[in-house]
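Okay, here's what each chain looks like letter by letter:
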Amino acid sequence: MKNFKPNPWILPQPVLIIGTYDKNGNANAMNAAWGGQWDTNEIMISLGSHATTDNLAGNSDFTVAFATEKTMIASDYVGIVSSRDTPGKMGKTGWTIEKAPNVNAPVFKNFPMTLECQVKQKIDESETGFFLIAKIVNILCDEAFLAEDGKPDVEKMKLIAYDPIHHAYLSLGKAIGKAFSDGKQLKCP
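Predicted, not measured: the structure shown is a model, and the values here were computed from it.

Peer 1: Can you walk me through helix α2 (residues 72-80) in this structure?
Peer 2: Residues that lie three or four places apart on an α-helix share one face, since the helix turns once every 3.6 residues. For α2, every residue scored as buried is listed here: Ala74, Ser75, Tyr77 and Val78. One side of α2 holds all its buried residues, which, seen down the axis, span an arc of 155°. Exposed residues pointing more than 90 degrees away from the buried face of α2 are listed as Ile73 and Ile80.

Written as structure tokens, this is what we have:
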């Protein structure tokens, strides 16, 4: 096996689109990869210093959408262009923007699923950023992306993941097994 120095190589990484309002009520989005489930109804995101962190200082509500094959280009764009330097960046995305029903944050309707969130805690806050712990207030899912059981269908969403090793976006594939079930084949009778 080849050895590598420590790197942020937890694979795959989600492509999360964080939606906030600025102090003037303008919608903003950023692309974040270093995040995940913190607890049953909480998430964690590692954030550097961005317009988004500025926005969260004035309003603790935000949304998290999951990037897809269809939204990949604009999702990458909001990650490489800051609204600090390009105030009209959201117009280039082509996204339909609405106010979230349960939090004071934007929903980007082009994404199949969005979490409505509120900041619960900021850990190690400094001028370079912080670790954000947030409560999930509600989950919105476009009905076109529901499975027969009425729950979100991840395969239909065509989500993408971030490859931090090669700086690439990967398309998530089809389901290949059943969690908490298939391993039972190896259990002793």
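Peer 1: What exactly am I supposed to notice about the pairing of strand β3 (residues 27-32) here?
Peer 2: The side chains of a regular strand alternate between both faces of the sheet. Among the six residues of β3, five are classified as buried, and the element is accordingly described as predominantly covered. Strand direction decides the pairing type here: strand β2 (residues 16-21) and β3, joined by six bridges, are antiparallel. If you follow Ile18 over to β3, its bridge partner there is Met30. The antiparallel hairpin formed by β2 and β3 contains five residues in its connecting segment, where Gly25 sits at a positive phi of about 85°.

Peer 1: So what exactly am I meant to see when it comes to the sheet that holds β3 here?
Peer 2: The strands that make up a sheet pair up through hydrogen bonds in the backbone, lying either parallel or antiparallel. Reading across the sheet, the seven strands line up as β3-β2-β6-β9-β10-β5-β4 and stay open at both edges, with antiparallel pairing between neighbours. Single-partner strands in this sheet number two, and they are β3 and β4 (35-39). Looking at each pair of strands side by side, their axes are set apart by 35° on average, direction ignored. Against the sheet, helix α1 (residues 51-58) engages β2, β3, β5 (42-48), β6 (61-66), β9 (113-126) and β10 (129-141), with an angle of about 45° to β2. Across the sheet, α2 lies against β2 and β3, angled at about 95° from β3, the strand it touches most.

Peer 1: I tried to follow unusual backbone geometry on my own but got confused; where do I start?
Peer 2: As a rule of thumb, non-glycine residues mostly have phi less than zero, and peptide bonds are mostly trans rather than cis. Note the cis peptide between Leu11 and Pro12, where omega equals -20°. Mapping Pro12 onto the fold places it in the segment before β1 (13-14). Residue Asp124 is not a glycine yet carries a positive backbone phi of 55°. By secondary structure assignment, the location of Asp124 is in strand β9.

Peer 1: Whenever I open this one, the side chain of Asn59 confuses me. Can you help?
Peer 2: When you line up the elements, Asn59 lands in the loop between α1 and β6. Classification of Asn59 as buried rests on a relative accessible area of 15%. Within the local environment of Asn59, its side chain forms a polar contact with the backbone nitrogen of Asp61, the two atoms lying 3.0 Å apart.

Peer 1: Please clarify how the sheet that holds strand β12 (residues 168-171) should be interpreted in this entry.
Peer 2: Pairing is antiparallel in the open sheet, where three strands are placed in the order β1-β11-β12. The sheet is open, and its two edges are formed by β1 and β12, each paired on a single side.

Rules of the game
Residues numbered from 1 in each chain as written. Predicted model: local features only at pLDDT ≥ 70, side-chain atom pairs only at ≥ 80, totals over all residues. Heavy atoms only, no water. Buried < 20%, exposed > 50% of the residue type's maximum accessible area, 1.4 Å probe, protein only. Helix = DSSP H or I, 4+ residues; strand = E, 2+ residues; numbered from the N terminus. Arc of directions from axis to C-beta. Pairing = 2+ DSSP bridges. Axes fitted to C-alpha atoms, helices over the stretch in contact; angles between N-to-C directions. Contact = heavy atoms within 4.5 Å. Polar contact = N/O pair within 3.5 Å; in protein donor to acceptor, adjacent residues only side chain to side chain.

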